[in-house]
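A look at the structure
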Amino acid sequence: MTLIRGTQLGLAAAIAFSICVQDANAQQPEQSEGTIQEVVVTAQKREESLQDTPIAISAFSADTLANRGITDFDGVAKATPSISFAPYPSSSNTLILFIRGQGVADSGQITLDSAVGLYQDGFYIPRSQMVTFDLADIERVEVLRGPQGTLYGRNTTGGAVNLISKKPSGEFGFKQELGFGNNGRLRSLTVLDLPKWGGLSAKFSFLKRQQDGYVKNIGPSHDYGEEEQTAGRAALRWQPGESFTADYFYERGDLDSTPIYYTNPALVGLIPGYSNSGRPEDRTYRPIDLPESQGEYESHGLTLAWNVNDALTIRSLTGYRDVGTIYYQDYADSFFVGFRTHDDIQYHVFSQELQAVGSLLDDRIKYVAGLYYAKEDARHFENVTITNLFPPPLLMTKDRNVVAESKSKAVFAQLTWTPPILDDRLDLTFGGRYTKDERLATRTYLISFFGFPIAQEPAPGLINSNNVESSRFNPAFTADFAWTDDVSTYLRVATGYKAGGSAESTDIGQFGNTFKPEDVTSYELGLKSYLFDRHVRLNAAAFVSKFDDMQMFFVASPTDNSVVLGLNAGKASVQGLELETLWQPLDTLSFNLDYTYLDTKDDEVIARAGTLFDPAVNPASPYQVGDNIKDLFRISYVAKSSVSAGANWTFLKTAASDFTAIANYRWDDRVYLTEPSGKGVPGAELYSRPPVGLLDGRLSWKTRFTNDSTLRIDVWGKNLTDRAWLTHRIGLGGPVAVQDPLTGTVTPAGFTTSAEAWAERRTYGVNFIYEY
């Protein structure tokens, strides 16, 4: 707990310093040029100032997104040090997302959930397939860090991300964005806002985006890293009177892509013509048959808001989302075998939420209460084909189809009370949520060898279905004290859980094995402050999170690392410090510096029966069932330190034009990409992404015309230093010695080599934005 004690002292010093600064500023009632403007968020289901919301939040306005060149969720993740992310190995339209060390590494399974909740206009997006969609016409993005189990419910133990779209304004408006860049980049966004008619406002947007692959396929098929996206959105707002508003949106999109490309330096010299000299990410070493991965999504959202009076608003949110994606990957022999996958994932989710948001006793009590229901139906078909590169010949195929259904029902409430003491500077918030979940899944499975079936489900005596039911009550408490009008601190205790489920890839006959929910309790001390006459905004959070019944996945076959068993087998803790600073000395100049430090510890990992740690399965295992093997594990997708820094300088202003230079830099420490990579595993760094720092920049010219329209032209570049860096890595090996049941050969513990996917190098382009 040394970090937490040190952080508490540091925050106490920061609070004292902030109060002293505010006392000095009190002698200067006039605010000078460069005052930081308030940011409004809706993290607690009502509009509040970012600084008045006692939650660790990063907020990105539309201007911030434009200035940083953020057009998709990948960009949001790169701009938020607390988020660790990586592309999913077999699909570029799927992201692996972690906040504060919590997420899910295998985003392709429909029988388990993430720990990061993604919301669009208040509607939950349960799967990370297709989350790389373009953030067209977004008003702001809010990233909430830490468990959000009371207001957002299950699967938010790491945090939640809110995407808030711009609503129809009721006035005529037109916006056209057009961008071009290297590797065939094209992005066009058209937005038309229509005048209000009979209380009805409407807004329409159309997006087209594409880029060529950055790894050239020397054969006639598709390159790696291609993307083409087409999407449209219609938004309606009906206001028949002052007390009622109905917002409806419909959007549909198609996203076609190809995955990232893997190489393995250990194959140099083993395969004729294989080389990773120069830039290994530039082209494939042989022709590869790579079909285009295709995906489509469709969403409906209806939000009804009735302002009963000045102290009560009742809302209804009804949502439906349908996603279908088919993706292909050829790992280009980087596993020492030919390894091809074909996945088909389809899901649709319906949700209904009722909210009552109000206040009592002249705003001394503010409350949010509601009911929630969601139902998801999903299907995942996967085909895996494995061939030998060297004699003897091998052809093995696996065909697996999983059908799952999940339901969730919840009731929640949160109340904030301002007691009539301490000059009304103290707010006490109490919250709770009761949730009941149910998930059912059925699997069919066929394994063939040279076309002949050798194992299958269903079959007599084999279990090919499972059912998980659970309920949870998640309380929360926050004490928020305003030391001055510009400085406040809060103490927050929050709980949450990740829903139970099962592993799709358990062995034949083992699909009945399930795991229950994973629970977390978090303790957080936070600071929100404006300093130096509101020229500096400093926000900080120190926290420790305790995890129990951790959902862990163990290899369960000595001959096939893809066969896993999902179990509740661990306890862990994450403690950390997050700092966000913004300094704006002038209206034309600002600097930001954000820092995140995370320290993770597996307190307990129990060796379970039926896994490679069980001598009955793997005679080479030096462990016994029940042993604590925590030294072999670590929490994955965590950078111990992450830094994000930026500068925005309008260096020339005329009567009608502005010239602005913008630079942003992010550095991440080493990130381990699998849980069994603890200090007791030899070669664990081969299953990690090395430290990396990337510099982006842009030059912007904005001019205003006499008809109140504007034109903005940006010249931009990303990874300006043209750095080669790994975006993903898969280590070959494992945390325990393994004995082959056929030959008796023992493979030592550890990782000896890795399949490596390199990110795209320097990119650049020009954007034109006309707005009226």
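Quick caveat, the model's predicted, so the values are computed rather than measured.

Rules behind the numbers
- Residues numbered from 1 in each chain as written.
- Predicted model: local features only at pLDDT ≥ 70, side-chain atom pairs only at ≥ 80, totals over all residues.
- Heavy atoms only, no water.
- Helix = DSSP H or I, 4+ residues; strand = E, 2+ residues; numbered from the N terminus.
- Rg over C-alpha atoms; globule rule 2.2 N^0.38 Å.
- Buried < 20%, exposed > 50% of the residue type's maximum accessible area, 1.4 Å probe, protein only.
- Contact = heavy atoms within 4.5 Å.
- Areas by Shrake-Rupley, 256 points an atom, 1.4 Å probe, with all protein chains shown as cover.
- Pairing = 2+ DSSP bridges.
- Core = buried A, V, L, I, M, F, W, Y, C linked by side-chain atoms within 4.5 Å.
- Axes fitted to C-alpha atoms, helices over the stretch in contact; angles between N-to-C directions.
- Salt bridge = Lys/Arg side-chain N within 4 Å of Asp/Glu carboxyl O.
- Polar contact = N/O pair within 3.5 Å; in protein donor to acceptor, adjacent residues only side chain to side chain.
- Phe/Tyr/Trp six-rings, centres within 6.5 Å; stacked < 30°, edge-to-face > 60°.
- Lys NZ or Arg CZ within 6 Å of the ring centre and 35° of its normal.
- pLDDT = per-residue confidence, 0-100.

Once that is clear, we can look at the overall build of the protein chain. Each helix and strand counted, the protein chain has three helices and 40 strands in total. At 27 Å, the protein chain has a C-alpha radius of gyration in line with the 28 Å of a compact globule built from 772 residues. With respect to the three principal axes, the spread of C-alpha positions in the protein chain is 80 × 55 × 50 Å. Here the protein chain holds 772 residues, and the buried ones make up 57% of them. Across the protein chain, contacts joining residues at least 24 apart in sequence account for 69% of those joining residues at least 6 apart. Working note: accessible area of the protein chain is about 31200 Å², and carbon and sulfur atoms make up 58% of it.

The residue Ser 621 is located in the loop between strand 29 (589-605) and strand 30 (641-653) in this model. Given the relative accessible area of 7%, Ser 621 is considered buried. With 128 residues separating them in the primary sequence, Ser 621 and Ala 749 have C-alpha atoms 9.4 Å apart.

Note that the residue after Pro 391, namely Pro 392, is joined by a cis bond; omega there is 0°. Along the polypeptide, Pro 392 turns up in the loop between strand 20 (365-388) and strand 21 (395-417). Note that the residue after Glu 457, namely Pro 458, is joined by a cis bond; omega there is -5°. Position of Pro 458 among the secondary structure elements: in the loop between strand 23 (452-457) and strand 24 (465-482). The phi torsion at Ala 332 lies on the positive side, around 50°, for a residue other than glycine. Along the polypeptide, Ala 332 turns up in the loop between strand 18 (312-330) and strand 19 (337-360).

With respect to the helices and strands, Gly 512 occurs in the loop between strand 25 (487-498) and strand 26 (518-531). Among the residues examined, Gly 512 registers a relative accessible area of 34% and is labelled partly exposed. Excluding anything up to four places from it in sequence, Gly 512 contacts Ile 463, Ser 465 and Asn 466.

This part covers the environment of Gly 179. As for its position among the elements, Gly 179 is in strand 11 (residues 173-181). The class of Gly 179 is buried, set by a relative accessible area of 7%. Separated by 536 residues in sequence, Gly 179 and Val 715 have C-alpha atoms that sit 9.7 Å apart. If near-sequence neighbours (up to four positions away) are discounted, Gly 179 is found in contact with Arg 185, Leu 186, Arg 187, Val 766 and Asn 767.

Now for the sheet that holds strand 16 (residues 262-263). What the three strands build is an open sheet, ordered 16-39-36; its pairing is antiparallel. Strands with a single pairing partner mark the edges of an open sheet, and in this sheet they are strand 16 and strand 36 (726-734). As judged from the eight bridges shared by strand 36 and strand 39 (residues 750-758), these two strands associate in the antiparallel manner. Bridging across to strand 39, Ile 730 finds its partner in Ala 755.

So, on to the nonpolar core. Of all hydrophobic cores here, the largest spans 104 residues; its most connected members are Val 141 and Val 161. Every residue in contact with Val 161, bar those within four places of it in the chain, is listed here: Phe 73, Ile 99, Val 116, Gly 117, Leu 118, Tyr 119, Val 141, Glu 142 and Val 143. Core analysis: the second largest hydrophobic core is formed by 17 residues, Leu 50, Leu 151, Val 357 and Phe 412 among them.

Ordered by their spatial adjacency, five strands build an open sheet running 3-9-10-7-8, and the pairing between neighbours is mixed. Across the chains shown, the open sheet's two edge strands, defined by having one partner strand only, are strand 3 (57-61) and strand 8 (123-125). Neighbouring strand axes in the sheet, compared pairwise and without regard to direction, differ in orientation by 20° on average.

All right, on to the pattern of salt bridges then. Using the criterion set out here, one finds 49 salt bridges in the structure. Asp 72 is paired through a salt bridge with Arg 209; the nearest N and O atoms lie 2.7 Å apart. Linking Asp 72 in the loop between helix 2 (62-68) and helix 3 (73-78) with Arg 209 in strand 13 (residues 200-211), this pair joins segments that are 137 residues apart in sequence. Like Arg 209, Asp 72 is buried. Among the ionic pairs, Asp 113 bridges to Arg 127, the shortest N-O distance being 3.2 Å. Remark: Arg 127 occurs in the loop between strand 8 and strand 9 (138-145) and Asp 113 occurs in the loop between strand 6 (102-103) and strand 7 (116-120); sequence separation between them is 14 residues.

Let us now look at the side chain of Gln 329. Along the polypeptide, Gln 329 turns up in strand 18. Here the side chain of Gln 329 touches Pro 89 through a polar contact of 2.8 Å, landing on its backbone oxygen. Not counting residues within four places of it along the chain, the set of residues in contact with Gln 329 comprises Pro 89, Ser 90, Tyr 224, Pro 259, Ile 260, Tyr 262, Leu 290, Phe 339, Arg 340 and Thr 341.

Here we take up the packing of aromatic side chains. Overall, the coordinates contain 25 aromatic pairs when judged by the stated rule. Centroid distance Tyr 262 to Tyr 331: 5.3 Å. Interplanar angle 40°. Geometry classified as tilted. Here the residue Tyr 262 occupies a position in strand 16, and Tyr 331 occupies one in the loop between strand 18 and strand 19, the gap between them amounting to 69 residues. The ring of Trp 716 has Lys 718 lying over it, and the distance from NZ or CZ to the ring centre is 5.9 Å.

With 95% of its residues at a pLDDT of 70 or more, the protein chain has an overall mean of 92. Scored below 50 in pLDDT, residues 1-10 shows ten contacts in the model against residues more than four places distant or in partner chains.

This next bit is on the pairing of strand 30. Bridge count between strand 29 and strand 30: nine bridges; the pairing is antiparallel. By the bridge assignment, Phe 591 is partnered in strand 30 with Ala 647. By the bridge criterion, eleven bridges tie strand 30 to strand 31 (residues 657-668) in an arrangement that is antiparallel. Note on strand 31: the bridge partner recorded for Trp 649 is Ala 661. The turn joining strand 30 and strand 31, which pair antiparallel and follow one another in sequence, is formed by three residues.

Each regular strand carries side chains that alternate between the two faces of the sheet. Pairing between strand 21 and strand 22 (residues 426-449): 22 bridges, direction antiparallel. When the bridges of strand 22 are listed, Ala 404 appears paired with Ala 441. As paired strands, strand 22 and strand 24 are joined by 17 bridges and run antiparallel to one another. Paired with Tyr 434 across the two strands is Phe 473, which belongs to strand 24. Direction of pairing for strand 22 relative to strand 23: antiparallel, over a ladder of five bridges. The residue of strand 23 that forms the bridge with Leu 446 is Gln 456. Where strand 22 folds back on strand 23, the antiparallel hairpin that results is connected by two residues, among which Phe 450 adopts a positive phi of roughly 55°.

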